[in-house]
Amino acid sequence: MLLGEERAAVCEYARRMTSDGLVVGTSGNVSARAGELVAMTPSGVDYADLAPEDIPVVSLDGSLVDGVLKPTSEMPMHLALYRDASDPDGAPVSAVVHTHSVHATAVSTVVDEVPPVHYMLATIGPSARVARYATFGTDDLATSMLEAIEGRRGCLLANHGTVTYGADLGAAYSRAQQLEWLCQLWLLARSAGVPNLLPPAEIELVVDKLKSYGQRK
């Protein structure tokens, strides 16, 4: 099967989005790139029922290469990331996760950037911006997202959700989880009072420290 490994991973992470509460129903979407091809979730199909053969494969220009189901309506946003995004550390952009997570979406309606309430904001970059609102599935949304994500690994989409990317689906998904957790933390802190925020210099320091964090092969 063409891109069999990537299609199986897309199924796995699509189901995880539902079980982890990052999406409801068929909202949100996932994709994985291999070379000049991209496997992505289909439009309007229950993730619990997905099998690898249900995952459409498209080229970077959006042409259907394999599969019979229509790709996600957010294909323009996914392909824009693969064509035009650059990881701050030069890592490949090989996977994209788009969620409708509740806390992050709520935050996207009240601020222009995720407030630096915790140093783990640095997993996204110096900040996590909120992209201006545009209708779902449009080139306008893809353009807005690219503007907000420049120099970062994720962003919020105003009144919509989040998008993150990574060198693989594990990395992209972890960033989506971190972004949702940060937004939940900030909303909880704000409900209790006025949160103390970290200065930009501290976030920049942690961004640098994370470059050597963890195990290296």
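Conventions adopted
Residues numbered from 1 in each chain as written. Predicted model: local features only at pLDDT ≥ 70, side-chain atom pairs only at ≥ 80, totals over all residues. Heavy atoms only, no water. Buried < 20%, exposed > 50% of the residue type's maximum accessible area, 1.4 Å probe, protein only. Helix = DSSP H or I, 4+ residues; strand = E, 2+ residues; numbered from the N terminus. Pairing = 2+ DSSP bridges. UniProt positions renumbered as here; feature names shortened; annotations may be inferred. Axes fitted to C-alpha atoms, helices over the stretch in contact; angles between N-to-C directions. Parallel < 35°, antiparallel > 145°, perpendicular 65-115°, else oblique. Left-handed = near helix turned anticlockwise from the far one by under 90°. Contact = heavy atoms within 4.5 Å. Nonpolar A, V, L, I, M, F, W, Y, C, P; charged D, E, K, R; others polar. Phe/Tyr/Trp six-rings, centres within 6.5 Å; stacked < 30°, edge-to-face > 60°. Salt bridge = Lys/Arg side-chain N within 4 Å of Asp/Glu carboxyl O. Core = buried A, V, L, I, M, F, W, Y, C linked by side-chain atoms within 4.5 Å.

Named according to an unreviewed UniProt entry, the chain is Class II aldolase/adducin family protein originating from Amycolatopsis minnesotensis.

Side chains Leu37 and Ala39 of strand S2 (residues 37–40) all project onto a buried face; the interleaved residues Val38 and Met40 project onto the opposite face, where all are buried too. In this structure, strand S1 (residues 29–34) lies alongside S2, joined through four bridges in antiparallel fashion. Bridge pairing in S2 places Ala34 opposite Leu37. Note: S2 against strand S3 (residues 57–59), three bridges, orientation antiparallel.

The subject of this paragraph is the UniProt feature "domain: Class II aldolase/adducin N-terminal" (unreviewed entry) in the chain. UniProt tags residues 8–187 as "domain: Class II aldolase/adducin N-terminal" (unreviewed entry). Between the end C-alpha atoms of residues 8–187 the distance is 35 Å, and the span holds 33% helix and 18% strand.

Once that is clear, we can look at the packing of helix H1 (residues 4–19) against helix H5 (residues 169–192). In helix packing, the relevant descriptors are the interaxial angle and the interaxial distance, both defined with respect to the helix axes. Running from N to C, H1 and H5 cross one another at 15°; their axes reach a closest spacing of 11 Å. Looking at the two axes, H1 sits roughly parallel to H5. Crossing handedness for the pair H1 and H5: right-handed. Touching Ala9, Val10, Tyr13, Arg16 and Met17 of H1 are Leu169, Gly170, Tyr173 and Gln177, all from H5. A class-by-class count of the residues in the contact of H1 with H5 yields six nonpolar, two polar and one charged.

Taken as a whole and assessed by the stated rule, the structure comprises one aromatic pair. Considering the side-chain rings of Tyr13 and Tyr173, the 5.4 Å spacing of their centres and the 55° angle between planes classify their relative orientation as tilted. Here the residue Tyr13 occupies a position in helix H1, and Tyr173 occupies one in helix H5, the gap between them amounting to 160 residues. The two residues Tyr13 and Tyr173 agree in class, both being buried.

This part takes up the pattern of salt bridges. Inspection of the entire model under this criterion finds nine salt bridges. The closest approach of N and O atoms between Arg16 and Asp20, which form a salt bridge, is 3.9 Å. The exposure class assigned to Asp20 is partly exposed, which follows from its relative accessible area of 38%. Two residues, Arg33 and Glu36, come together in a salt bridge whose shortest N-O distance is 3.4 Å. In this structure Arg33 comes out as partly exposed when scored by relative accessible area, which is 23%. In the salt-bridge network here, residues are joined through shared partners; they are Asp87, Asp89, Arg153, Asp208 and Lys211.

One open sheet holds the eight strands; their spatial order is S4-S3-S2-S1-S5-S8-S7-S6, and the pairing between them is mixed. Edge positions in the open sheet fall to strand S4 (64–66) and strand S6 (130–131), since each of these has one partner strand only. Most of the contacts of helix H4 (residues 139–149) go to strand S7 (residues 154–157), to which it runs at about 135°, and overall it touches S6, S7 and strand S8 (161–166). Relative to the sheet, H5 contacts S1, strand S5 (95–99), S7 and S8, its axis offset from that of S8 by approximately 145°.

With that settled, consider the nonpolar core. Core analysis: the largest hydrophobic core is formed by 24 residues, its most contacted members being Leu79, Leu81, Met145, Leu157 and Val163. When residues of this core are traced back to their parent elements, those giving at least two are S2, helix H2 (75–84), H4, S7 and S8. With six residues, H2 is the single largest residue contributor to this core. Met145 has contacts with Met77, Ala80, Leu81, Ala131, Cys155, Leu157 and Val163, leaving out every residue within four places of it along the chain. Core analysis: the next-biggest nonpolar cluster, separate from the first, contains 22 residues, Ala39, Tyr47, Ile55 and Ala95 among them.

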